[in-house]
Amino acid sequence: MAESENIKWHHSKVTKEQRRDLNNHRSAVIWFTGLSGSGKSTISVELEKELYQLGIRTYCLDGDNIRHGLNKDLGFGPDDRKENIRRIGEVSKLMTEAGLVILAAFISPYRSDRDEIRKMMESGEFIEVFVDASIETCKSRDPKGLYKKVRAGEITGFTGIDAPYEVPVNPEITVNTDTESIEESVQSIMSYLKTNGFLDND
Ligand SMILES: Nc1ncnc2c1ncn2[C@@H]1O[C@H](COP(=O)(O)OS(=O)(=O)O)[C@@H](OP(=O)(O)O)[C@H]1O
Ligand SMILES: Nc1ncnc2c1ncn2[C@@H]1O[C@H](COP(=O)(O)OP(=O)(O)O)[C@@H](O)[C@H]1O
């Protein structure tokens, strides 16, 4: 018997649309993907500050934070990374139903895992942001000293070194942090959000 056979969906009397109306803005997940050190966390934190100042209700989900709690049972093998992203996708969907703009910053190295989340969401609700930076740039930034540990042989299976990263094929937005400043990347995402009616709460 399928596990879900004895489980019934309960419908709320308040809809996603009503929650959005109350907030006065659309909800969605802005999904940052890229190598470790590419700038996902830095850009998402700056973007959230800017959105907050415009009265947009937001929440940041970040790899390191989620792996301290919800996903602390998961490691970095392919299956665990897949499960990590699946759970975050479900959480992002719930929070989008709640009417929020989610900023999710995860390496999310597998294209199929990211595409699964896109499929779960309604059209326009999944905004994939490819945070593009060369592995050389990421190594030289090394904000957490992890690339140094990889060189010392203390970490294996590290994304971009001896574990894969699959570049997005058709992301809504690409920011190149080799060449752009943090502010330029934030403004390019803001510009997408403005053009697509996410900031229409005035
Ligand atoms: N082996 C290996 N490969 C990649 N990253 C590693 C690894 N081990 C630890 N870390 C640290 O974990 C952070 C990535 O977690 P994520 O949940 O975003 O990873 S994933 O999406 O499941 O691939 C990542 O954070 P960011 O640097 O912010 O990307 C690293 O700090
Ligand atoms: N143009 C840029 N965009 C984003 N981060 C930058 C940029 N230039 C330098 N950095 C620095 O690179 C590091 C990126 O680290 P982080 O945001 O933690 O990356 P990730 O979350 O992708 O692992 C930070 O120390 C940040 O200050």
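Residues numbered from 1 in each chain as written. Chains lettered and ligands numbered in written order. Predicted model: local features only at pLDDT ≥ 70, side-chain atom pairs only at ≥ 80, totals over all residues. Heavy atoms only, no water.

1. Let's talk about the site of ligand 2
As a matter of local geometry, ligand 2 sits amid 14 residues, with G37, K40, S41, T42 and E180 nearest to it. Between ligand 2 and the protein, one listed contact pairs an oxygen atom with a backbone N or O atom of L35 at 3.4 Å. Here ligand 2 has 570 Å² of accessible area as a free molecule, and 77% of this is covered by the chains. In this structure, ligand 2 is accommodated by the largest pocket. Take the shell around ligand 2: its biggest share by element is 3 residues, from helix α2 (residues 40-53). (Near = heavy atom within 4 Å. Polar contact = N/O pair within 3.5 Å; in protein donor to acceptor, adjacent residues only side chain to side chain. Areas by Shrake-Rupley, 256 points an atom, 1.4 Å probe, with all protein chains shown as cover. 1 Å grid on protein atoms, 1.4 Å probe; cavity = no way out; pocket = protein on both sides within 12 Å on 5 of 7 lines; lining within 4 Å. Sits in = over half its atoms within 2 Å of the grid points. Helix = DSSP H or I, 4+ residues; strand = E, 2+ residues; numbered from the N terminus.)

2. Quick word on helix α1 (residues 16-23)
Listed as buried for α1 are K16, R20 and N23. Here the buried residues of α1 occupy an arc of 60 degrees about the axis, which is enough to place them on one side. Exposed residues lying more than 90 degrees from the buried face of α1 are D21 and L22. In the core, the buried residues of α1 are packed alongside α4 (78-97). At the exit of α1 stands N24, carrying a positive phi of roughly 70 degrees. (Buried < 20%, exposed > 50% of the residue type's maximum accessible area, 1.4 Å probe, protein only. Arc of directions from axis to C-beta. Contact = heavy atoms within 4.5 Å.)

3. Examining the UniProt feature "active site" (unreviewed entry) in the protein
Feature annotation in UniProt assigns "active site" (unreviewed entry) to the following positions: S108. Secondary-structure assignment places S108 in the loop between β3 (101-105) and α5 (111-120). On the basis of relative accessible area, S108 is assigned to the buried category, the value being 2%. Look past the residues within four positions of S108 in its chain and what remains in contact with it is W31, F32, T33, I85, R114 and Y165. Among the polar contacts listed, one links the side chain of S108 to the side chain of T33, at a separation of 3.4 Å. (UniProt positions renumbered as here; feature names shortened; annotations may be inferred.)

4. So, the sheet that holds strand β1 (residues 28-33)
Read across the open sheet, the 5 strands follow the order β2-β3-β1-β4-β5; overall the sheet is parallel. Among the strands making up the open sheet, the edge pair consists of β2 (58-62) and β5 (173-176). Between one strand axis and the next, the sheet turns by 20 degrees as a mean value, whatever way the strands run. In this sheet, β5 lies alongside strand β4 (residues 126-132) in parallel orientation, the contact comprising 4 bridges. Counterpart to V129 in the pairing with β5 is I173. Relative to β1, α4 is tilted by about 150 degrees, and along the sheet it contacts β1, β2 and β3. The strands touched by helix α8 (residues 182-195) within the sheet are β1, β4 and β5, with β5 carrying the most contacts at an inclination of about 165 degrees. (Pairing = 2+ DSSP bridges. Axes fitted to C-alpha atoms, helices over the stretch in contact; angles between N-to-C directions.)

5. Structural notes on the site of ligand 1
Close contacts around ligand 1 come from 20 residues, with S36, R67, R81, N84 and K144 the closest. Contacts to ligand 1 include K40, whose side-chain N or O atom sits 2.9 Å from an oxygen atom. R81 is positioned such that a nitrogen or oxygen atom in its side chain is 2.8 Å from an oxygen atom of ligand 1. Isolated, ligand 1 exposes 630 Å² of accessible area, and the fraction of that covered by the protein chains is 92%. At the level of secondary structure, the elements contributing two or more residues to the shell around ligand 1 comprise α3 (63-66) and α4. Of all the elements, α4 adds the most residues to the shell around ligand 1, at 3 residues.

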